[in-house]
Amino acid sequence: MSQAFNAIKEMEEKLLCRTYGRYPLALERGRGARLWDVNGKEYVDMLAGIAVTGLGHSHEELCEVAARQAGRLWHVSNLFYQRHQLVLAEKLLSTSHHSKVFFCNSGAEANEAAIKLARRHMRRVKKREAADIITLNECFHGRTLGTLAATGRDSLSDGFAPLPDGFVQVTAGDLDALRNAVTPSTAAVLVEAVQGEGGVVPLPAEYLRGVEVLCREKDILFLCDEVQSGMCRTGKFWSFQHYGLKPDIVSVAKALANGLPIGAIMATENAAGGFELGSHATTFGGGELTSAVAAKTVEIYLRDKLAERAAVLGVHLKGVLEALKSRHPDKIREVRGLGLIVGIELAVNTRKVWEELLDRGYICNLSHEKTLRLLPPLVIEQADLDGFATALDQSLTSSSG
Ligand SMILES: *Cc1c(COP(=O)(O)O)cnc(C)c1O
């Protein structure tokens, strides 16, 4: 490790709460799908800030919009009408069947808003005292107390009890289990069509359609968390669109402003009827600077047809990785994913392989200590994906298991 890196590592340990197990890397510059660390070493970014910088780093048009808006107006409060917030809302709504937006600042907050809206919709619109939210095991919805309760993973909520009541969890993929879990107290079912933090697990199409049918039959709300799988990553603008689903409320964040903090929910007119004046609010939600950048981001996703690009590159990447699996049947257990969210489950020491990839200049993520998770920017070149596969091939060839 270099002196520059060691100095940074030391400061981090001294100054910051010990919440992050950090990778041994201090990054300081990015351009497109490339990153450089403090020693000047170049990397191919196969993680994009965990599905955030979908347009790559330092995107020229976004830099321009950010600089221009920074010199005009940053923030005025949601007490006032704001133009860029509306431009963003209009663009966002053009991508789905929804008709109302609420802006916040993160994925967890978006899910909080979705949960709050679902509960209030049941009480004020459907006039039913139903507040329970059903989620699926291996899901991830955030780290606030409410979304931790929704996530229902003991390792994440250790030491934080009591968590809010009103969350029920069932096994993903088991429609009977879900049917049995719905009671008169159920307000909504919340799912990720592709479970990201759960290790990149796309849920079966028939199951997802079955969940929606069940929600309609029971007259409860159907919620999709698109925080990671949204914004064109899976090959459609939103992952639920692969299955022809029409969720009542959808949560969005990560890639929405290509790295500036923003979250949102999109809701149908009917679902949104649960909110009234004063029901919900947040200081920074949809501020002018962030909204200007997000509006440009969505515009570029649509203009440059990045959903199609993610679909095409995803098929290519999966093909290359499946070929690699045939070459290393004892080392690659499974290749999963949809578009450019891909998981490679290994049967060997995955941390070691991941470290070697880092040495070879490829940044990806380690999930559950057994899956390499790839979330490259959607603007990445096919040659970089091929380069990653070659590096993985070399790492697997040299790994003894
Ligand atoms: C990252 C993520 C969240 C939480 O988003 P934050 O911005 O970290 O609060 C919620 N749901 C999913 C599916 C995510 O991937």
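Here, every reference points to the structure presented above.
Residues numbered from 1 in each chain as written. Predicted model: local features only at pLDDT ≥ 70, side-chain atom pairs only at ≥ 80, totals over all residues. Heavy atoms only, no water.

Engineer: Mind showing me how you'd approach the packing of helix α12 (residues 306-327) against helix α14 (residues 382-398) here?
Structural biologist: A pair of packed helices can be characterised by two numbers: the angle between their axes and the separation between those axes. Put simply, α12 and α14 touch, their axes get as near as 10 Å, and they point 15° apart. One way to sum up the angle between α12 and α14 is to call them roughly parallel. Judged by the sense of rotation from one axis to the other, the crossing of α12 with α14 is right-handed. In contact with Leu-313, His-316, Leu-317, Val-320, Leu-321, Leu-324 and Arg-327 of α12, α14 contributes Gln-382, Leu-385, Asp-386, Phe-388, Ala-389, Leu-392, Asp-393 and Thr-397. Across the contact of α12 with α14, the residue classes tally to 9 nonpolar, 3 polar and 3 charged. (Axes fitted to C-alpha atoms, helices over the stretch in contact; angles between N-to-C directions. Helix = DSSP H or I, 4+ residues; strand = E, 2+ residues; numbered from the N terminus. Parallel < 35°, antiparallel > 145°, perpendicular 65-115°, else oblique. Left-handed = near helix turned anticlockwise from the far one by under 90°. Contact = heavy atoms within 4.5 Å. Nonpolar A, V, L, I, M, F, W, Y, C, P; charged D, E, K, R; others polar.)

Engineer: Explain the nonpolar core here, please?
Structural biologist: The nonpolar side chains of soluble globular proteins are, as a tendency, buried together. Core analysis: the largest hydrophobic core is formed by 116 residues, its most contacted members being Ile-249, Leu-256, Leu-321, Ile-344, Leu-372, Phe-388 and Leu-392. The contact partners of Leu-321, leaving out residues within four places of it in the chain, are Val-335, Val-342, Ile-344, Leu-374, Phe-388 and Leu-392. (Core = buried A, V, L, I, M, F, W, Y, C linked by side-chain atoms within 4.5 Å. Buried < 20%, exposed > 50% of the residue type's maximum accessible area, 1.4 Å probe, protein only.)

Engineer: What is the right way to look at the pairing of strand β13 (residues 332-338) in this model?
Structural biologist: As a general feature of sheets, a regular strand has side chains that alternate between the two faces. One ladder, built from 6 bridges, connects β13 with strand β14 (residues 341-346); its direction is antiparallel. For Ile-332, the partnering residue across the bridge sits in β14 and is Leu-346. (Pairing = 2+ DSSP bridges.)

Engineer: Just to check I follow, could you spell out the sheet that holds strand β12 (residues 263-267) for this structure?
Structural biologist: The pairing of strands in a sheet happens through backbone hydrogen bonds and is either parallel or antiparallel. What the 7 strands build is an open sheet, ordered β4-β12-β11-β10-β7-β5-β6; its pairing is mixed. The open sheet has two free edges, formed respectively by β4 (100-104) and β6 (167-170), since each of these has just one partner strand. Strand-to-strand, the axes of this sheet are offset by a mean angle of 20°, without reference to chain direction. Helix-sheet contacts for helix α4 (residues 83-93) involve β4 and β12, and the interaxial angle to β4 is about 125°.

Engineer: When you look at the pattern of salt bridges in this model, what are you seeing that I'm missing?
Structural biologist: Proximity of charged atoms lets side chains of opposite charge pair with each other. Per the counting criterion, the structure on display carries 26 salt bridges. In this structure, Asp-219 engages Arg-128 in a salt bridge whose closest nitrogen and oxygen atoms are separated by 3.1 Å. One end of the pair, Asp-219, is in the loop between α9 (205-218) and β10 (221-225); the other, Arg-128, is in the loop between α5 (107-124) and β5 (132-136), and 91 residues separate them in sequence. For Asp-219, a relative accessible area of 37% translates into the label partly exposed. Using a relative accessible area of 26% as the deciding quantity, one classes Arg-128 as partly exposed. (Salt bridge = Lys/Arg side-chain N within 4 Å of Asp/Glu carboxyl O.)

Engineer: What should I look at first to understand α14 in this one?
Structural biologist: Working note: α-helix, 3.6 residues per turn, so residues spaced by three or four point in the same direction. With 17 residues, α14 ought to run about 24 Å at 1.5 Å a step, and its terminal C-alpha atoms sit 25 Å apart, in line with that. Within the sequence span of α14, burial applies to Asp-384, Leu-385, Gly-387, Phe-388, Ala-389, Ala-391, Leu-392, Asp-393, Ser-395 and Leu-396. (Expected span 1.5 Å × (residues − 1).)

Engineer: Please explain the side chain of Asp-248 as it appears in this structure.
Structural biologist: Tracing the backbone through its elements, the reader meets Asp-248 in the loop between β10 and β11 (249-252). Under the relative-accessibility criterion, Asp-248 is labelled buried at 11%. Engagement of the side chain of Asp-248 in a polar contact is seen with the side chain of Arg-216, the distance being 2.9 Å. Among residues more than four places away in sequence, those in contact with Asp-248 are His-98, Arg-216, Ile-220, Leu-221, Phe-222, Met-266, Ala-267, Thr-268 and Ala-271. (Polar contact = N/O pair within 3.5 Å; in protein donor to acceptor, adjacent residues only side chain to side chain.)

Engineer: Even after reading the chapter, I still don't get the site of the ligand, so can you show me in this structure?
Structural biologist: Around the ligand, the surrounding shell consists of Ser-106, Gly-107, Ala-108, Asn-111, Phe-140, His-141, Gly-142, Glu-192, Asp-225, Val-227, Gln-228 and Lys-254. The contact in question runs from an oxygen atom of the ligand to an N or O atom on the backbone of Ala-108, over 2.8 Å. At a separation of 2.8 Å, a nitrogen atom of the ligand approaches a polar side-chain atom of Asp-225. Burial of the ligand by the protein amounts to 81% of the accessible area it has alone, namely 380 Å². Across the shell around the ligand, the residue classes tally to 3 nonpolar, 6 polar and 3 charged. (Near = heavy atom within 4 Å. Areas by Shrake-Rupley, 256 points an atom, 1.4 Å probe, with all protein chains shown as cover.)

Engineer: I keep staring at α4 and nothing clicks. Help me out?
Structural biologist: Considered for burial, the residues of α4 that qualify are His-84, Gln-85, Leu-88, Ala-89, Leu-92 and Leu-93. Taken around the axis of α4, the buried residues stretch over an arc of 160°, which confines them to a single face. Opposite the packed face of α4, turned more than 90 degrees from it, sit the exposed residues Arg-83, Leu-86 and Glu-90. Buried residues belonging to α4 abut α3 (60-70), β4, β12 and α11 (288-303). (Arc of directions from axis to C-beta.)

Remember that the coordinates give geometry; whether it matters functionally is a separate question.
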